[in-house]
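Inside the fold
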Amino acid sequence: MSAVLIVEDEAHLANGLRFNLEAEGYEVDISGDGEAALELLLAERERYDAVVLDVMLPGADGFTVAAKLREAGQFVPVLMLTARGRPEDVLRGFESGADDYLPKPFELTILLARLRGLLRRREWLQGTAKNTSQEEILASELAEAAFVFDGKTIDFAALELRVGEKSVRLTLMEAELMRYLIRHEGRIVARKQILQEVWNLHEDTDTRAIDNFIVRLRKYIEEVPSKPRHLLTVRGIGYRFIAEPTENASDE
Ligand code: CA
């Protein structure tokens, strides 16, 4: 049985969610305060399989809670509830370490589907899927377990980037962006294309928000992040990933 923590201060909404999630077989707890939820999730790291996290909360808002969880190395999957029509919230959510989002108000069936997706994705990534056939795993986007380039290893199963002795934990979103860039190795990918195909964002979103993610990935994979050799900027368009750069490759 999967355990879910709902972090939402509107009691009727939280209780309604709990009722429905319990009916689906989940074990559910509610926290109505960002600060308290953070403490709980850091004190009992293995207790929950997923968190439904509202943005608007007393104590600490959802962005802060997600960011502090990730800072503290707590990588429980987070489904963030954002305000409809605010794509900047979505990107801020991803930047703070959320794994998926749902705009409020939402259909319950959609929330359940997203939650299942998040749990399944985590199981796949960790290779612990029980009721998943080998064909499904091979057909899934998560089949490629690791990618090695230029002395670095991205382990998609462990959500980890290893460079020599050093290892960095990646969020699901960072891993998916990395996977997308790797799949398009050597080719230019436009910011808009990344928004649509990695984040499934079709709204008219400020595409520069992608740049913050790239800055973070560069810190992980580049020897000198200000002089990238792998993750190149293509001015006015987007980015290009080069796995094994030649000596004189440089930012374009
Ligand atoms: Ca709220």
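In this text, all values refer to a predicted model and were calculated from it rather than measured experimentally. (Residues numbered from 1 in each chain as written. Predicted model: local features only at pLDDT ≥ 70, side-chain atom pairs only at ≥ 80, totals over all residues. Heavy atoms only, no water.)

**Description of the sheet that holds strand β10 (residues 188-190)**
Two strands in a sheet stick together by hydrogen bonds in their backbones, pointing the same way (parallel) or opposite ways (antiparallel). Formally: Whether two strands pair depends on DSSP finding at least two bridges between them. Strands here are runs of E lasting at least two residues and helices are runs of H or I lasting at least four, both read from the DSSP assignment and numbered beginning at the N terminus. To obtain each axis, a line is fitted to C-alpha atoms, and for helices this fit is confined to the stretch in contact; angles are then taken between N-to-C directions over 0 to 180 degrees. Whether two residues touch is decided by their heavy atoms; if any such pair falls within 4.5 Å, the residues are in contact.
Strand order across the open sheet formed by three strands is β10-β12-β11, with antiparallel pairing between neighbours. Both edges of this open sheet fall to β10 and β11 (231-234), since each of them pairs with a single strand only. Pairs of neighbouring strands in the sheet enclose a mean axial angle of 35 degrees, with direction left out of account. Sheet topology note: the β10/strand β12 (residues 238-241) ladder contains three bridges and is antiparallel. Each bridged residue has a counterpart across the sheet, and for V189 the counterpart in β12 is Y239. Across the sheet, helix α7 (residues 172-183) is in contact with β10, β11 and β12; its angle to β12 comes to roughly 70 degrees.

**Regarding the environment of L181**
Heads up, the rule is: Here the term buried applies to any residue with accessible area under 20% of the maximum for its type, exposed to any over 50%, and partly exposed to those in between, with areas from a 1.4 Å probe on protein chains only.
Tracing the sequence through the fold places L181 in helix α7. Given a relative accessible area of 1%, L181 falls into the buried group. When the C-alpha positions of L181 and V198 are compared, they lie 9.8 Å apart, and in sequence the two are 17 residues distant. Dropping the residues within four chain positions of it, L181 is found in contact with V189, I214, L217, L231 and F241.

**Brief notes about the pattern of salt bridges**
The criterion, for reference: We define a salt bridge as a side-chain nitrogen of Lys or Arg found within 4 Å of a carboxyl oxygen belonging to Asp or Glu.
One pass over the full model with this rule turns up 16 salt bridges. Between E10 and K104 there is a salt bridge, with the nearest N and O atoms lying 3.3 Å from each other. Highlighted residues: E10 in the loop between β1 (3-7) and α1 (11-23) and K104 in strand β5 (residues 100-104), separated in sequence by 94 residues. On the basis of relative accessible area, K104 is assigned to the buried category, the value being 19%. Two residues, D29 and R47, come together in a salt bridge whose shortest N-O distance is 2.7 Å. Here D29, found in strand β2 (residues 27-31), pairs with R47, found in the loop between α2 (34-43) and β3 (50-54); they are 18 residues apart in sequence, far enough to count as distant. Looking at D29, the relative accessible area reads 25%, which means it is partly exposed. According to the relative accessible area criterion, R47 is partly exposed, its value standing at 36%. Residues participating in the shared-partner salt-bridge network are E8, E10, D54 and K104.

**Things to note about the packing of aromatic side chains**
Put simply, the rule reads: Only centres within 6.5 Å qualify two rings of Phe, Tyr or Trp (six-membered ring in Trp) as a pair; their planes then separate them into stacked at under 30 degrees, edge-to-face at over 60, and tilted for everything else.
The tally for this structure, following the rule as stated, stands at four aromatic pairs. Relative to Y101, the ring of F94 lies with its centre 5.8 Å away and its plane at 80 degrees, an arrangement referred to as edge-to-face. When sorted by exposure, F94 lands in the same class as Y101, which is buried. Ring centres of F149 and F241 lie 5.4 Å apart, and the angle between their planes is 75 degrees; on these two criteria the pair is classed as edge-to-face. With F149 in strand β6 (residues 146-149) and F241 in strand β12, the pair connects residues that are 92 residues apart, well separated along the chain.

**Observations regarding the coordination of the calcium ion**
Just so we agree on the cut-off: The donor definition counts N, O and S atoms within 2.8 Å of each metal and applies 3.2 Å to Na, K and Ca; water is not among these atoms, so some sites may look incomplete.
Distances from the calcium ion to its protein donors, namely E8 (OE), D9 (OD), D54 (OD) and M56 (O), fall within the range 2.2 to 2.5 Å. The buried category is assigned to D54, whose relative accessible area is 2%. Overall, the relative accessible area of 63% leaves M56 in the exposed class.

**So, the pairing of strand β9 (residues 166-169)**
The sheet contact formed by strand β8 (residues 160-163) and β9 spans four bridges and is antiparallel. In the strand pairing of β9, R162 is matched with S167. Taking the residues between adjacent antiparallel strands as the criterion, β8 and β9 are bridged by two residues, where G164 takes a positive phi near 60 degrees.

**A closer look at α7**
As a reminder, the rule being used: One fewer than the residue count of a helix, multiplied by 1.5 Å, yields its expected span.
Relative to the 16 Å expected for twelve residues at 1.5 Å per residue, α7 spans 16 Å between its end C-alpha atoms, a close match to the ideal helical length. Across the twelve residues that make up α7, a large majority, eleven, are buried. The complete set of buried residues in α7 reads L172, M173, E174, A175, E176, L177, M178, R179, Y180, L181 and I182.

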